[in-house]
Amino acid sequence: MLRRPCAAESSGWRLSRPGAAAIAASRIRPPPPATVMDMDLAVGLEVLAIDHVGVAVADLDVAISLYTGPLGGVLTHRESNPEQEVDEAMIAFGDGATVQLIAPSSPESTIAKFIDRNGPGLQQLAFRVPDVVAAAEILRGTGMRLLYREPRPGSAGSLINFVHPKDTGGVLVELVQLPGAVAGTVDAETTPSGGTP
Ligand code: V0V
(Lines give C-alpha, C1' and ligand atoms only; values in the text may rest on other atoms or scores of the structure.)
Protein backbone atom coordinates (compact mmCIF):
# COMPACT_ATOMS: atom_id res chain seq x y z
CA MET A 1 0.00 0.00 0.00
CA LEU A 2 1.32 3.43 -0.93
CA ARG A 3 1.87 5.72 2.00
CA ARG A 4 0.13 9.02 1.55
CA PRO A 5 2.28 12.13 2.04
CA CYS A 6 1.92 13.09 5.68
CA ALA A 7 0.55 16.47 6.70
CA ALA A 8 3.93 17.43 8.11
CA GLU A 9 5.68 16.73 4.82
CA SER A 10 3.13 18.56 2.72
CA SER A 11 3.23 21.58 5.01
CA GLY A 12 7.02 21.71 4.82
CA TRP A 13 7.62 20.80 8.48
CA ARG A 14 10.62 18.65 9.33
CA LEU A 15 9.82 16.46 12.35
CA SER A 16 13.17 14.99 13.26
CA ARG A 17 12.96 15.79 16.97
CA PRO A 18 10.11 15.28 19.49
CA GLY A 19 10.25 18.95 20.43
CA ALA A 20 9.59 19.93 16.85
CA ALA A 21 6.87 17.31 16.65
CA ALA A 22 5.13 18.75 19.71
CA ILE A 23 5.18 22.22 18.21
CA ALA A 24 4.07 21.03 14.80
CA ALA A 25 1.31 18.84 16.25
CA SER A 26 -0.47 21.91 17.56
CA ARG A 27 -0.73 23.16 13.96
CA ILE A 28 -1.56 19.91 12.17
CA ARG A 29 -5.10 18.56 12.18
CA PRO A 30 -5.27 15.72 9.64
CA PRO A 31 -8.58 13.86 9.39
CA PRO A 32 -8.90 10.70 11.50
CA PRO A 33 -6.99 7.83 9.85
CA ALA A 34 -8.90 4.86 8.48
CA THR A 35 -6.30 2.41 9.80
CA VAL A 36 -3.09 2.60 11.75
CA MET A 37 -1.18 2.23 8.46
CA ASP A 38 -2.63 5.54 7.31
CA MET A 39 -1.39 7.45 10.35
CA ASP A 40 1.25 10.11 10.10
CA LEU A 41 4.19 8.02 11.23
CA ALA A 42 6.57 10.98 11.17
CA VAL A 43 4.91 12.39 14.31
CA GLY A 44 5.89 10.35 17.33
CA LEU A 45 5.94 10.53 21.10
CA GLU A 46 9.00 11.07 23.21
CA VAL A 47 8.70 8.02 25.46
CA LEU A 48 11.00 8.04 28.49
CA ALA A 49 10.16 4.50 29.62
CA ILE A 50 7.48 1.89 29.88
CA ASP A 51 6.24 3.24 33.20
CA HIS A 52 4.23 0.16 34.06
CA VAL A 53 2.05 -2.65 32.83
CA GLY A 54 -1.39 -2.69 34.42
CA VAL A 55 -3.06 -5.87 35.56
CA ALA A 56 -6.72 -5.96 36.54
CA VAL A 57 -7.27 -7.98 39.69
CA ALA A 58 -10.35 -8.81 41.69
CA ASP A 59 -8.71 -8.66 45.15
CA LEU A 60 -5.74 -6.35 45.68
CA ASP A 61 -4.40 -8.02 48.84
CA VAL A 62 -4.46 -11.45 47.25
CA ALA A 63 -2.72 -10.09 44.13
CA ILE A 64 -0.04 -8.31 46.20
CA SER A 65 0.67 -11.57 48.01
CA LEU A 66 1.09 -13.34 44.68
CA TYR A 67 3.32 -10.68 43.11
CA THR A 68 5.52 -10.12 46.19
CA GLY A 69 5.66 -13.81 47.09
CA PRO A 70 6.19 -16.42 44.42
CA LEU A 71 6.55 -13.85 41.63
CA GLY A 72 9.41 -12.09 43.43
CA GLY A 73 8.36 -8.43 43.25
CA VAL A 74 8.58 -5.65 45.84
CA LEU A 75 5.63 -3.53 46.88
CA THR A 76 6.69 0.10 46.36
CA HIS A 77 3.42 2.02 46.49
CA ARG A 78 -0.24 1.58 47.26
CA GLU A 79 -3.16 3.98 47.11
CA SER A 80 -6.83 4.43 46.33
CA ASN A 81 -7.92 6.57 43.40
CA PRO A 82 -11.56 7.51 43.91
CA GLU A 83 -11.90 9.25 40.55
CA GLN A 84 -10.79 6.12 38.70
CA GLU A 85 -12.70 3.97 41.21
CA VAL A 86 -9.69 1.74 41.78
CA ASP A 87 -7.33 0.59 44.51
CA GLU A 88 -3.88 0.10 43.07
CA ALA A 89 -0.43 -1.13 44.04
CA MET A 90 2.92 -0.79 42.30
CA ILE A 91 5.18 -3.87 42.30
CA ALA A 92 8.81 -3.41 41.23
CA PHE A 93 11.08 -6.07 39.79
CA GLY A 94 14.86 -6.35 39.44
CA ASP A 95 15.76 -3.52 37.08
CA GLY A 96 12.85 -1.33 38.08
CA ALA A 97 10.25 -2.74 35.73
CA THR A 98 6.89 -2.17 37.35
CA VAL A 99 3.54 -3.91 37.39
CA GLN A 100 0.51 -1.97 38.57
CA LEU A 101 -2.11 -4.13 40.22
CA ILE A 102 -5.53 -2.51 39.79
CA ALA A 103 -8.64 -3.60 41.65
CA PRO A 104 -12.11 -2.07 41.33
CA SER A 105 -13.30 -0.02 44.31
CA SER A 106 -16.86 0.17 43.03
CA PRO A 107 -19.07 -2.01 40.83
CA GLU A 108 -19.17 0.82 38.26
CA SER A 109 -15.37 0.96 37.93
CA THR A 110 -13.90 0.42 34.46
CA ILE A 111 -11.85 -2.34 36.09
CA ALA A 112 -14.99 -4.09 37.35
CA LYS A 113 -16.37 -3.93 33.82
CA PHE A 114 -13.08 -5.23 32.39
CA ILE A 115 -13.03 -8.19 34.80
CA ASP A 116 -16.69 -8.97 34.15
CA ARG A 117 -15.98 -9.10 30.43
CA ASN A 118 -12.51 -10.67 30.29
CA GLY A 119 -11.65 -11.97 33.73
CA PRO A 120 -8.56 -10.65 35.52
CA GLY A 121 -5.43 -10.03 33.45
CA LEU A 122 -3.41 -7.51 31.45
CA GLN A 123 -5.45 -4.32 31.13
CA GLN A 124 -3.09 -1.53 30.07
CA LEU A 125 0.39 -0.50 28.90
CA ALA A 126 1.63 2.80 30.33
CA PHE A 127 4.18 5.01 28.56
CA ARG A 128 6.04 7.58 30.65
CA VAL A 129 6.25 10.87 28.81
CA PRO A 130 7.80 14.21 29.80
CA ASP A 131 4.62 16.18 29.13
CA VAL A 132 1.28 14.39 29.03
CA VAL A 133 -0.55 17.35 27.49
CA ALA A 134 1.95 17.59 24.63
CA ALA A 135 1.92 13.82 24.16
CA ALA A 136 -1.87 13.74 23.98
CA GLU A 137 -1.78 16.57 21.45
CA ILE A 138 0.66 14.66 19.24
CA LEU A 139 -1.56 11.58 19.26
CA ARG A 140 -4.71 13.62 18.63
CA GLY A 141 -2.87 15.06 15.66
CA THR A 142 -2.62 11.56 14.18
CA GLY A 143 -6.35 11.06 14.62
CA MET A 144 -6.22 8.93 17.77
CA ARG A 145 -8.94 9.37 20.37
CA LEU A 146 -7.77 10.42 23.82
CA LEU A 147 -10.16 9.47 26.59
CA TYR A 148 -9.80 12.74 28.52
CA ARG A 149 -9.59 16.29 27.23
CA GLU A 150 -7.24 17.17 30.09
CA PRO A 151 -5.01 14.87 32.16
CA ARG A 152 -6.36 13.40 35.35
CA PRO A 153 -4.72 12.39 38.64
CA GLY A 154 -2.85 9.09 38.51
CA SER A 155 -0.72 7.08 40.86
CA ALA A 156 1.59 8.90 43.29
CA GLY A 157 0.85 12.39 42.01
CA SER A 158 1.25 11.59 38.33
CA LEU A 159 -0.93 12.99 35.57
CA ILE A 160 -2.49 10.49 33.19
CA ASN A 161 -4.51 10.15 30.02
CA PHE A 162 -5.45 7.15 27.88
CA VAL A 163 -5.71 6.36 24.19
CA HIS A 164 -8.79 4.42 23.17
CA PRO A 165 -7.74 0.76 22.69
CA LYS A 166 -9.48 0.62 19.32
CA ASP A 167 -6.92 3.16 18.04
CA THR A 168 -3.88 1.27 19.34
CA GLY A 169 -4.34 -2.24 18.09
CA GLY A 170 -6.48 -3.43 20.98
CA VAL A 171 -4.16 -2.26 23.78
CA LEU A 172 -5.27 0.39 26.27
CA VAL A 173 -2.29 2.78 26.20
CA GLU A 174 -1.84 5.08 29.16
CA LEU A 175 0.28 8.24 29.08
CA VAL A 176 1.96 9.04 32.41
CA GLN A 177 3.72 12.23 33.42
CA LEU A 178 5.53 11.94 36.73
CA PRO A 179 5.07 14.73 39.29
CA GLY A 180 7.38 17.66 38.72
CA ALA A 181 8.17 16.68 35.12
CA VAL A 182 6.73 19.96 33.81
CA ALA A 183 4.54 22.57 35.37
CA GLY A 184 1.10 21.05 34.98
CA THR A 185 -2.19 21.43 36.76
CA VAL A 186 -5.22 19.25 36.83
CA ASP A 187 -8.09 20.88 35.01
CA ALA A 188 -11.26 21.65 36.94
CA GLU A 189 -13.17 19.41 34.54
CA THR A 190 -11.11 16.45 35.71
CA THR A 191 -12.63 16.43 39.18
CA PRO A 192 -15.02 13.56 39.87
CA SER A 193 -17.93 15.85 39.11
CA GLY A 194 -16.43 16.85 35.77
CA GLY A 195 -17.38 15.37 32.43
CA THR A 196 -15.51 13.41 29.81
CA PRO A 197 -14.86 14.86 26.35
C1 V0V B 1 -12.22 -2.20 26.82
N2 V0V B 1 -11.76 -2.66 25.66
C3 V0V B 1 -10.45 -2.89 25.79
C4 V0V B 1 -10.12 -2.56 27.12
N5 V0V B 1 -11.25 -2.12 27.73
N6 V0V B 1 -9.54 -3.35 24.93
C7 V0V B 1 -8.27 -3.49 25.37
N8 V0V B 1 -7.90 -3.18 26.65
C9 V0V B 1 -8.79 -2.73 27.53
N10 V0V B 1 -8.40 -2.44 28.78
C11 V0V B 1 -12.50 -2.88 24.44
C12 V0V B 1 -13.81 -3.60 24.67
O13 V0V B 1 -13.60 -4.98 24.70
C14 V0V B 1 -14.61 -3.16 23.48
O15 V0V B 1 -14.26 -3.95 22.37
C16 V0V B 1 -14.12 -1.75 23.23
O17 V0V B 1 -12.89 -1.62 23.92
C18 V0V B 1 -15.01 -0.63 23.73
O19 V0V B 1 -15.63 -1.08 24.82
P20 V0V B 1 -16.74 -0.14 25.51
O21 V0V B 1 -17.74 -1.05 26.13
O22 V0V B 1 -17.24 0.88 24.58
O23 V0V B 1 -15.94 0.63 26.52
P24 V0V B 1 -15.68 0.25 28.00
O25 V0V B 1 -16.83 0.70 28.82
O26 V0V B 1 -15.24 -1.15 28.11
O27 V0V B 1 -14.47 1.21 28.34
C28 V0V B 1 -13.25 1.03 27.73
C29 V0V B 1 -12.37 2.22 28.12
C30 V0V B 1 -12.40 2.31 29.65
C31 V0V B 1 -10.99 2.00 27.56
C32 V0V B 1 -12.99 3.49 27.48
O33 V0V B 1 -11.86 1.12 30.22
C34 V0V B 1 -11.63 3.47 30.18
O35 V0V B 1 -12.15 4.60 30.26
N36 V0V B 1 -10.36 3.25 30.57
C37 V0V B 1 -9.48 4.32 31.05
C38 V0V B 1 -9.51 4.41 32.55
C39 V0V B 1 -9.00 3.19 33.21
O40 V0V B 1 -8.71 2.14 32.62
N41 V0V B 1 -8.89 3.29 34.59
C42 V0V B 1 -8.43 2.20 35.41
C43 V0V B 1 -6.97 2.28 35.59
P44 V0V B 1 -15.33 -4.60 21.42
O45 V0V B 1 -16.13 -5.53 22.25
O46 V0V B 1 -16.15 -3.45 20.90
O47 V0V B 1 -14.53 -5.28 20.34
S48 V0V B 1 -6.51 3.65 36.61
C49 V0V B 1 -4.83 3.86 36.42
O50 V0V B 1 -4.26 3.22 35.43
C51 V0V B 1 -4.12 4.69 37.26
C52 V0V B 1 -4.78 5.35 38.40
C53 V0V B 1 -2.67 4.93 37.05
O54 V0V B 1 -2.06 4.31 36.18
O55 V0V B 1 -2.10 5.77 37.76
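Procedures and definitions
- Along each chain, the written sequence defines residue order, and numbers are assigned to residues from 1.
- Side-chain atom pairs in this predicted model are given and counted only at pLDDT of 80 or more, local residue features only at pLDDT of at least 70, and totals for whole chains, interfaces and linings cover all residues.
- Each side-chain value is worked out from all heavy atoms of the structure, with water and hydrogens disregarded.
- Helical segments are the DSSP runs of H or I of at least four residues, strand segments are the runs of E of at least two, and each set is numbered from the N terminus.
- Two residues form a contact once any of their heavy atoms are found within 4.5 Å.
- Put simply, buried Ala, Val, Leu, Ile, Met, Phe, Trp, Tyr and Cys residues joined by side-chain atoms within 4.5 Å make one nonpolar core.
- Each residue is assigned to one of three classes by its accessible area relative to the maximum for its type, calculated with a 1.4 Å probe on protein chains only: buried under 20%, partly exposed between the two thresholds, exposed over 50%.
- Two strands pair under a simple rule: DSSP has to find at least two bridges between them.
- To be clear, the arc concerns the directions from the helix axis to the C-beta atoms.
- Pairs of N or O atoms are called polar contacts if they sit within 3.5 Å, as long as, within protein, a hydrogen donor faces a hydrogen acceptor (for residues adjacent in sequence, only side-chain-to-side-chain pairs).
- Only one rule defines a salt bridge in this text: a Lys or Arg side-chain nitrogen within 4 Å of an Asp or Glu carboxyl oxygen.

Undergrad: Can you help me understand the side chain of Asn 81 in this one?
TA: Relative to the helices and strands, Asn 81 is located in strand S2 (residues 74-81). Setting aside anything within four residues of it in sequence, one finds Asn 81 in contact with Val 86, Pro 153 and Gly 154.

Undergrad: Before we go on, may I ask you to explain the nonpolar core in this structure?
TA: Where a protein is soluble and globular, its nonpolar side chains tend to be buried together. Residues Phe 127, Val 129, Val 132, Ala 135, Ala 136, Leu 139, Met 144, Leu 146, Leu 159, Val 163, Val 173 and Leu 175 constitute the largest nonpolar core, which totals 12 residues. Here this core takes 4 residues from helix H5 (residues 132-141), the largest share from any one element. Ala 63, Ile 64, Tyr 67 and Leu 101 belong to the second largest nonpolar core, which has 11 residues in total.

Undergrad: Just to check I follow, could you spell out the sheet that holds S2 for this structure?
TA: Picture the strands of a sheet paired through backbone hydrogen bonds; they go either parallel or antiparallel. An order of S2-S3-S4-S1-S5-S8-S7-S6 is seen for the 8 strands of this open sheet, with the pairing classed as mixed. On the outer flanks of this sheet lie S2 and strand S6 (152-153), each paired with one strand and no other. Here 4 bridges tie strand S1 (residues 49-56) to strand S4 (residues 98-104), and the two strands are oriented parallel to one another. Bridge pairing in S4 places Gly 54 opposite Gln 100.

Undergrad: Any chance you could explain helix H4 (residues 110-118) here in plain terms?
TA: Think of an α-helix as 3.6 residues a turn; residues three or four steps apart then line up on the same face. For H4, every residue scored as buried is listed here: Ile 111, Ala 112, Phe 114 and Ile 115. Down the axis of H4, the buried set is contained in an arc of 160°. They therefore lie on one face. Across from the buried face of H4, at angles greater than 90 degrees, the exposed residues are Thr 110, Lys 113, Asp 116 and Arg 117. The N-cap residue of H4 is Ser 109: its side-chain oxygen and the backbone nitrogen of Ile 111 are 3.0 Å apart. Positive backbone phi, approximately 80°, marks Gly 119, located one or two places after H4.

Undergrad: When you look at the pattern of salt bridges in this model, what are you seeing that I'm missing?
TA: Think of it this way: side chains of opposite charge can pair up when their charged atoms draw near. The tally for this structure, following the rule as stated, stands at 5 salt bridges. Between Glu 137 and Arg 140 there is a salt bridge; the shortest N-O distance is 3.2 Å. Note that Glu 137 and Arg 140 are positioned in helix H5 at a spacing of 3 residues, about one turn of the helix. Residue class for Glu 137 comes out partly exposed when judged on its relative accessible area of 21%.

Undergrad: I tried to follow the environment of Asp 167 on my own but got confused; where do I start?
TA: In this structure, Asp 167 sits in the loop between strand S7 (159-163) and strand S8 (173-177). Among the residues examined, Asp 167 registers a relative accessible area of 15% and is labelled buried. Each C-alpha atom, one on Asp 167 and one on Met 144, is 5.8 Å from the other, the two residues being 23 residues apart in sequence. At a separation of 2.8 Å, a polar atom in the side chain of Asp 167 contacts the main-chain amide nitrogen of Arg 145.

Undergrad: So what exactly am I meant to see when it comes to the pairing of S7 here?
TA: For a regular strand, the rule is simple: side chains alternate between the two faces of the sheet. The buried fraction of S7 is high, at 5 of 5 residues. In S7, alternate side chains face the same way, and those of Leu 159, Asn 161 and Val 163 on one face and Ile 160 and Phe 162 on the other are all buried. One ladder, built from 2 bridges, connects S6 with S7; its direction is antiparallel. Its bridge partner lying in S7, Arg 152 is registered against Ile 160.

Undergrad: What exactly am I supposed to notice about the pairing of S2 here?
TA: Summarising the sheet, S2 and strand S3 (residues 86-92) pair through 7 bridges and their orientation is antiparallel. Considered in S3, the bridge of Ser 80 is made with Asp 87. Hairpin geometry of S2 and S3 is characterised by an intervening segment of 4 residues between the two adjacent antiparallel strands and by a positive phi of about 55° at Glu 85.

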